[in-house]
Each structure stands twice: as structure tokens, then as C-alpha cells.
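# Examination of the molecular architecture
For reference, the chains in residue letters:
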Amino acid sequence: MAELNTVGLGQHKLKSINVNANLLSTWSKEREAEAERLKRKYIIVVCQCLAGLILIPIAAKFSDRQAFLKGTTSAELTAVNLRFTNLDGRYKSEVPKLEDINSSKNRRLNAIHTLNQFALINNHARGAVAISGIKVDVAGGELVMKLSAKAPSIEANRYFLAKSGADPRVISSVQTSLNTEKYKGQEILRFEYQKKVNISVQ
């Protein structure tokens, strides 16, 4: 049967709430969460300490090794620079001697080429033309030969010009003048010829 109060309304039942129990449960959960966080932090710190204990000696050894290699490399570089300086000094002291040797060699070869060209001209003229005068100048690795000659016929003249200009060292081969004259009742050709030849050994 329902309980009624004086005004005919039902009477409220009083319910009690255990506030202390609820607060204690919340506090326990927070305490457990904080303990878990602290535990993780402790584990991380311990791992970092262990890693430091392992890696610091390795890093120190690596640093010592790098310092040793750097010192060795620096010493080797100094030795190489010293050797280079010595060799450079020797080279510079030998350069004038080498240049003098090369210059003498070049002069000797130029003289040989000049004699060879003189001999070739005479060989080409033999049996074809008679050389009455020849002048030879050498400058800058080039030999210039100017000659006066007589030929008994135009064929002999052409033969001499063709042979004289066939040398691969020839720069130019030119007949500068051609005249006819009487010699002992016969007509002969008098001409002048110029030949430029490269005798450089470079």
C-alpha cells in the first residue's frame, strides 16, 4: 500500500549515494594511470642510460680512430707536399738544360734538312738543267731556296720543276722568270726558281 502524506501525495523514498566509494574508485584509476606513466618514463630513462653506456665507448673509440687517421693523413699530405716542392725545384733547375738540349737538337735537324734539300735540288737538276747560282735562307723553320739555271729544252725545264715541287715538305714551288737565249748557236732556256720548304721538327 502506497504511503501518502497529508496532502495526498506519495512520500519520496530517500536514496543514499556512496560518494566516498565513487571518489575512491576514481582516485585509484588515476593513481594506476600515473603509475603506468611513471613506469614508462623510468623504462625510457633506463634504456637511454643503457644506450649511453654502450654507445659512448664506441663513439669515443671512433673519435680516437678519426683523430688518428686525420693525423696520419695530415702527415702524409705534408710529406707529399715536400716531395712535390723538391721535384718542382729540380724540374725548374733542369728546364734551361733541357731547353738548350732541345735547341741544339733542333738546330742540328734543321741543318740536316737544309743539306738534304740542297742535295735534292742538285739531284733533280742532274742531266736536266745546269744551275748557275743558288741562295739559301733559313728562318722560322722554313727554308727558302732561290736559284738561277739553264735548261736545254722546255721538257727539261718542266721535268726539273715537277721533281723539285714533289717533296711533301714543300710549301711553295715557283718559277719566277723564264727567258730564251742563244748559246753556241743553240737556243736555251734561262730561268729563275724559288722553293720554300718546311724544315721545322715540331
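### Quick look at a nonpolar patch on the surface
A grouping of Val46, Leu50, Leu53, Ile54, Leu55 and Ile58 is seen on the molecular surface, where their side chains present a nonpolar patch of about 620 Å² in accessible area. Relative to the elements of secondary structure, leucine 50 occurs in helix α1 (residues 19-125). Taking relative accessible area as the criterion, leucine 50 reaches 46% and is therefore assigned partly exposed.

### Quick notes on the pattern of salt bridges
Overall, the coordinates contain 2 salt bridges when judged by the stated rule. The partner of lysine 150 in a salt bridge is glutamate 181, and the shortest N-O contact between them spans 4.0 Å. Residue lysine 150 is found in strand β2 (residues 142-151), and its partner glutamate 181 is found in strand β3 (residues 170-183); the two are separated by 31 residues along the sequence. Accessibility expressed as a relative area gives 25% for lysine 150, which makes it partly exposed. Since its relative accessible area comes to 25%, glutamate 181 is described here as partly exposed. Here the residues in one salt-bridge network are Lys150, Glu181 and Arg190, joined through shared partners.

### Side note on the pairing of β2
Where strand β1 (residues 130-139) and β2 come together, 9 bridges link them in antiparallel fashion. Paired with aspartate 137 across the bridge in β2 is valine 144. Between β1 and the antiparallel strand that follows it, β2, lie 2 residues; glycine 140 among them carries a positive phi value of about 60°. Bridge count for β2 against strand β4 (residues 186-198) is 10 bridges, and the pairing is antiparallel. Bridged to leucine 143 within β4 is valine 197.

Basis of the calculations
- Residues numbered from 1 in each chain as written.
- Predicted model: local features only at pLDDT ≥ 70, side-chain atom pairs only at ≥ 80, totals over all residues.
- Heavy atoms only, no water.
- Patch = residues over 30% accessible without salt bridge, like charges linked within 9 Å, V, L, I, M, F, W, Y side chains within 5 Å.
- Areas by Shrake-Rupley, 256 points an atom, 1.4 Å probe, with all protein chains shown as cover.
- Salt bridge = Lys/Arg side-chain N within 4 Å of Asp/Glu carboxyl O.
- Helix = DSSP H or I, 4+ residues; strand = E, 2+ residues; numbered from the N terminus.
- Buried < 20%, exposed > 50% of the residue type's maximum accessible area, 1.4 Å probe, protein only.
- Pairing = 2+ DSSP bridges.

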